[in-house]
Amino acid sequence: MWVAGGIAVLLVAAVAWGGWTARRSFPQVDGELVVAGLERAAEVVRDDYGIPQIYADTAEDLFFTQGFVHAQDRFFEMDFRRHVTQGRLAELVGSSGLDTDVYVRSLGWYEVAEQELALLDSSSRTYLQAYADGVNAYVEDRAPAELSLEYAVLGVTGPDYVPEPWSPTDSLAWLKALAWDLRSNVSDEIDRTLAAASVGQGAIGELYPDYPTEEHRPILEPGAVVAGRFDPSAEPSSAAARPPLAPAVRAAIAGGLGTDLAAAAKVDAQVPTLLGTGDGIGSNSWVISGEHTASGAPILANDPHLAPAMPGVWEQMGLHCRELTAECPFDVAGTTFSGLPGVVVGHNDRVAWGLTSMYADVADLYVEQVDGNRYLFDGRWVEMSVREEEFEVAGEDEPVTRTVRATRHGPLLSDIDDDAARVADEAPVARPAGGEDYAVALQWTALEPGRTMDAVFGLDLSRSFDDFRAAARLFEVPAQNLVYADVDGHIGYQAPGTIPVRRLGDGRWPVPGWDARYGWSGSVPFRQLPWTLDPPGGVIVTANQAVVDPDGYRFELGADTAYGYRSQRIVDLLATRDDWTVEASAALQTDSLHPMAEALVPALLRQPLSTPYHRQGQELLVGWDGTQPADSGAAAYFNVVWRNLLLLTFTDQLPKAAWPQGDERWCEVVRLLLDEPGSKWWDDVSTDGVREDRDDVLVAAMEQARDDLTRLQAQDPDDWTWGAIHHLTLVNQTLGESGVAAVEALFNRGPYPLSGGSGAVDASSWSADEGFAATAVASMRMVVPLDDLGAARWIVVGGASGHAFSDHYDDQTERWAAGDTVPWPFSAEAVDATGEDVLLLVPEA
């Protein structure tokens with residue numbers, strides 16, 4: 001009792017101290033501030049949710065003020081991201097950040113960003129510099145504790161710590177982090193190979209089935225490359241099946257290609273978690289033409305799915321030139337990334353756009369034969385690129401030094417973790433005679449400098465579909481599905497990105513780096529990438545499914561897309577009416593139908609269970625409509641059954657790295673297996689002399705689920721709810737898992753009961769190999785009607801502010817969890833009408 005009471009007192013004291021200390025860093029949001037560096041006065045109008053709308057007379061002042069406001073609201077988040085992208089996280093958080101630093105520094109994100117700056121259009125460089133100047137204008141002369149509470153807790157607020165000035169390269173480096181998060185199938189490539197090492201290559205087709213084009217439509221139908229250009233009206237040919245697995249790779253799999261890749265998988269998982277992404281990354285977007293809306297004008301909807309974090313990854317914002325001129329052409333609003341100028345997703349006064357992950361395969365793993373700092377390529381030994389990297393670690397007197405090596409293909413992932421050093425005796429590849437040492441290198445398109453920042457500004461300025469496509473051409477990494485709508489009634493789609501063309505292989509398996517035939521020969525020409533304008537059906541849906549029929553397109557865009565369960569559900573629902581509204585579109589974003597309910601529930605109800613106690617759980621499924629609201633007992637039972645089914649079926653035969661997570665791929669795997677009651681996968685190989693079948697597993701999954709929910713919630717099934725086990729906790733990326741309850745209480749929020757689940761349109765994903773807590777959610781939702789931009793709606797998972805204890809730290813979260821949205825004013829009149837705080841920034845006299 002005393003211990004519990006003492007802890008409670010400490011928590012209260014810590015929260016009180018945190019609240020008092022945090023208020024030191026709260027920014028001024030009303031009145032007037034004199035700011036050096038502005039040419040003319042700028043205005044920041046914030047609404048009830050603290051969402052800023054910025055007004056200026058020049059583009060330079062506009063982005064200067066955006067940098068100033070981002071620093072006001074979220075400078076620690078920006079500084080944290082900068083330390084991550086520079087490979088200097090350990091300077092902030094100590095030795096726990098060192099592995100991430102070594103990984104990031106090995107990939108060389110920041111060096112690539114430095115190279116990109118010189119490639120950008122001169123106006124983009126001007127905007128980036130103005131943004132950096134605005135950040136620095138806010139940060140200078142403020143102590144770290146006056147910038148954010150995290151600095152005070154980390155104890156880096158002494159006289160020796162001064163935040164470094166922000167630079168344009170700091171902004172560009174964040175694009176490398178985004179590209180890493182959305183790089184597609186590196187993890188699938190590793191998992192596929194590890195699984196093959198355990199069960200043999202022949203079984204992999206059952207775990208990675210072909211995309212079900214008959215059941216789940218791709219984004220574009222029809223569409224094909226004709227005479228060197230993509231023609232959205234052309235019927236796909238029956239050309240080009242995927243390239244067969246190469247003999248060298250097949251031989252490697254036969255022996256089990258495990259050790260190098262297991263180590264790569266281990267370090268591969270370190271960075272995405274820190275950057276606020278992880279399993280379940282995806283998104284929904286759709287655009288409906290006026291023939292299917294009540295207003296007669298298009299409606300565009302978008303909800304990107306990312307791993308939850310606190311603060312949330314997006315900050316809503318408007319950027320408005322008081323008068324649209326050549327000197328100041330911006331009038332745009334949407335979601336932004338702190339640290340990056342411009343609006344990433346949103347609309348201007350003529351055009352709206354959204355994005356979802358395309359799952360383009362833009363990275364390959366190469367198994368390299370090495371000899372010291374040499375590697376074998378095309379019959380000769382070549383010197384590696386070798387450099388020493390020095391890492392400062394908070395709390396340590398001496399820096400840590402690591403050697404970073406790279407081949408022609410890219411950095412050696414196997415140098416990043418000690419486990420990968422075991423390749424000397426265990427690399428199971430069909431190696432050249434005399435080969436002894438092997439390593440694993442990563443080739444990735446984002447390690448070449450590009451012009452994605454130009455694309456962001458180009459989208460913000462788009463006035464037409466031609467402008468939109470011109471901007472998309474520069475959107476090199478990460479490759480995203482881009483949807484479009486405009487006030488003239490047009491809707492469209494463009495697949496952008498630098499997508500490699502492989503001489504041999506299809507990118508699904510690691511390949512021998514010493515064989516030149518496995519290299520890249522360039523990238524898919526933009527004119528041959530899929531696009532469409534005003535398709536006959538009047539609807540475009542992207543939810544990470546295949547872009548086109550994989551068997552009818554001449555290039556391999558990526559084999560590891562989502563399997564179309566979410567996208568087809570959206571397509572089917574959009575077809576049910578021709579009077580869509582903003583409200584109906586927002587409701588569709590929260591559709592919670594479980595993708596496996598239709599296929600699995602009848603099979604479950606056919607099984608006889610052994611006792612009335614166990615049948616009480618099964619009876620919840622009688623008449624269940626398959627939806628997953630947070631208060632549903634049937635949804636709770638079904639999801640626990642689904643998890644049990646996956647674990648009982650696959651974990652006895654697969655390595656842990658390849659265990660099922662329950663996403664759309666596993667829905668397709670199990671859907672097909674339900675028709676094979678005697679498949680080897682149903683058998684529990686740990687039970688000697690017994691061969692289990694499908695029905696045995698279904699019965700065991702249900703009976704275990706009854707026991708699980710009795711233990712987790714209550715004996716009476718009427719007291720079960722899905723949201724009691726499926727919930728969201730928003731965890732601060734730096735201090736939210738410190739292990740110190742008092743510190744975690746300062747920054748974390750939740751848990752919040754959730755509806756939806758993996759593979760649903762309301763994609764609050766969870767991982768079957770971990771539990772039911774949300775691992776990825778709709779990081780924001782927006783719906784834009786092109787006839788009345790002022791009627792648009794939006795919401796983010798957290799709030800506008802990155803300051804713990806701010807009223808706007810999490811003031812959108814409960815509405816978000818309930819499926820609600822908030823108003824999105826756009827015109828100057830609407831912004832003024834909803835404004836709660838007005839801050840005037842004036843230049844020095």
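Preceding this section is the structure that the text describes.
Here is what the cut-offs are and how they apply
Position labels on residues start from 1 in each chain and follow its written sequence. Residues qualify for local features only when their pLDDT is at least 70, as the model is predicted, and side-chain atom pairs are given and counted only at 80 or more; totals for whole chains, interfaces and linings, by contrast, use all residues. Only hydrogens and water are set aside; all other atoms, that is, all heavy atoms of the structure, feed into the side-chain values. What counts as a helix is a DSSP run of H or I of at least four residues, what counts as a strand is a run of E of at least two, and both are numbered from the N terminus. A 1.4 Å probe rolled over the protein chains alone gives each residue an accessible area, and that area as a share of the maximum for its type sets the label: buried under 20%, exposed over 50%, partly exposed in between. In what follows, residue pairs with any heavy atoms lying within 4.5 Å of each other are defined as contacts. Surface accessibility follows the Shrake-Rupley procedure with a 1.4 Å probe radius. Residue values consider only the protein chains on display as shielding. Pairing of aromatic rings covers Phe, Tyr and the six-membered ring of Trp, with a centre-to-centre limit of 6.5 Å; geometry is then stacked below 30 degrees between planes, edge-to-face above 60, and tilted otherwise. We call a charge positioned over a ring when the NZ of a Lys or the CZ of an Arg lies within 6 Å of the ring centre and within 35 degrees of the ring normal. Put simply, buried Ala, Val, Leu, Ile, Met, Phe, Trp, Tyr and Cys residues joined by side-chain atoms within 4.5 Å make one nonpolar core. Any pair of cysteine sulfurs within 2.5 Å is marked as a disulfide. Following DSSP output, two strands are said to pair if at least two bridges run between them. Only the contacting stretch of a helix is used when fitting its axis, a line to C-alpha atoms as for every element, and angles between N-to-C directions run 0 to 180 degrees. Patch building starts from residues that exceed 30% relative accessible area and form no salt bridge, then joins like charges within 9 Å and nonpolar side chains (Val, Leu, Ile, Met, Phe, Trp, Tyr) within 5 Å. Take a side-chain nitrogen of Lys or Arg and a carboxyl oxygen of Asp or Glu: if they are within 4 Å of each other, that pair is a salt bridge. Two residue types count as positive, namely Lys and Arg, and two as negative, namely Asp and Glu; His and chain ends fall outside the count. Throughout, a charge is located at the NZ atom of Lys, the CZ atom of Arg, the CG atom of Asp or the CD atom of Glu.

S.K.: Whenever I open this one, the overall build of the chain confuses me. Can you help?
M.R.: From N to C terminus, the chain includes 26 helices and 31 strands. For the chain, the proportion of its 845 residues judged to be buried stands at 61%. Contacts in the chain between residues far apart in sequence, at least 24 positions, make up 73% of those at least 6 positions apart. Total accessible area on the chain stands at roughly 30,400 Å², and carbon and sulfur atoms take up 49% of it.

S.K.: Can you walk me through the packing of aromatic side chains in this structure?
M.R.: The geometry of an aromatic ring pair is captured by two quantities: the separation of the ring centres and the angle between the planes. Under the counting rule described, the total for this entry stands at 28 aromatic pairs. Judged by centre distance (6.3 Å) and plane angle (65°), the rings of Phe-230 and Tyr-553 are edge-to-face. In this pair, Phe-230 is assigned in strand S5 (residues 229-231) and Tyr-553 in the loop between strand S24 (539-542) and helix H17 (565-574), connecting sequence segments 323 residues apart. Of the two residues, Phe-230 and Tyr-553, neither departs from the other in class, the shared state being buried. In this structure, Arg-142 packs its charged tip against the face of Tyr-138, placed 3.9 Å from the ring centre.

S.K.: Teacher, can you tell me more about the nonpolar core here?
M.R.: Buried together is how nonpolar side chains tend to be arranged in soluble globular proteins. Ranked by size, the top nonpolar core spans 161 residues in total, and within it Phe-75, Trp-314, Leu-442, Trp-444 and Met-453 carry the most contacts. At 12 residues, the largest contribution of residues to this core is made by helix H2 (residues 59-85). Excluding residues that lie within four positions of it along the chain, Phe-75 makes contacts with His-70, Arg-82, Val-135, Val-139, Leu-147, Tyr-151, Pro-163 and Trp-166. Counting residues in hydrophobic clusters, the runner-up holds 53 residues, among them Ile-204, Ala-634, Phe-650 and Ala-701.

S.K.: Please clarify how the state of the cysteines should be interpreted in this entry.
M.R.: The term disulfide refers to a covalent linkage connecting the sulfur atoms of a pair of cysteines. Inspection of the entire model under this criterion finds one disulfide. There is a disulfide in this structure between Cys-321 and Cys-328, and the S-S distance comes to 2.0 Å. A torsion of -80° about the S-S bond marks the disulfide between Cys-321 and Cys-328 as left-handed. We note that Cys-321, like Cys-328, is buried.

S.K.: Is there a simple way to explain the sheet that holds strand S9 (residues 331-336) in this structure?
M.R.: Backbone hydrogen bonds hold the strands of a sheet together, and the pairing may be parallel or antiparallel. Ordered in space as S1-S31-S2-S3-S8-S9-S10-S11-S18-S19-S23, the 11 strands form an open sheet in which the pairing is mixed. Of all strands in the sheet, those with a lone pairing partner are strand S1 (31-34) and strand S23 (531-533), marking the two edges. Averaged over all neighbouring strand pairs, the angle between strand axes comes to 15°, with direction disregarded. Taken together, the four bridges between S1 and strand S31 (residues 837-842) define a ladder with parallel strand orientation. For Val-34, the partnering residue across the bridge sits in S31 and is Val-842.

S.K.: Explain a negative patch on the surface here, please?
M.R.: A contiguous patch of negative charge, built from Glu-390, Glu-392, Glu-396, Asp-397 and Glu-398, is present on the exposed surface. Mapped onto the elements of the fold, Glu-392 is located in the loop between strand S15 (385-391) and strand S16 (400-406). For Glu-392, a relative accessible area of 39% corresponds to the partly exposed category.

S.K.: Would you mind going over helix H22 (residues 664-673) with me for this structure?
M.R.: Side chains of residues three or four places apart in an α-helix project in the same direction, reflecting 3.6 residues per turn. For H22, the buried fraction is high: eight of the 10 residues fall into the buried class. Among all positions of H22, only Glu-664, Arg-665, Trp-666, Cys-667, Glu-668, Val-669, Val-670 and Leu-673 are buried. Contacts from the buried residues of H22 go to helix H10 (204-207), H17 and helix H21 (633-650).

S.K.: It is not clear to me how H17 should be interpreted in this structure. Could you clarify?
M.R.: Counted residue by residue, H17 has eight buried out of 10 residues, so it is predominantly covered. Burial in H17 covers these residues: Tyr-565, Arg-566, Ser-567, Gln-568, Ile-570, Val-571, Leu-573 and Leu-574.

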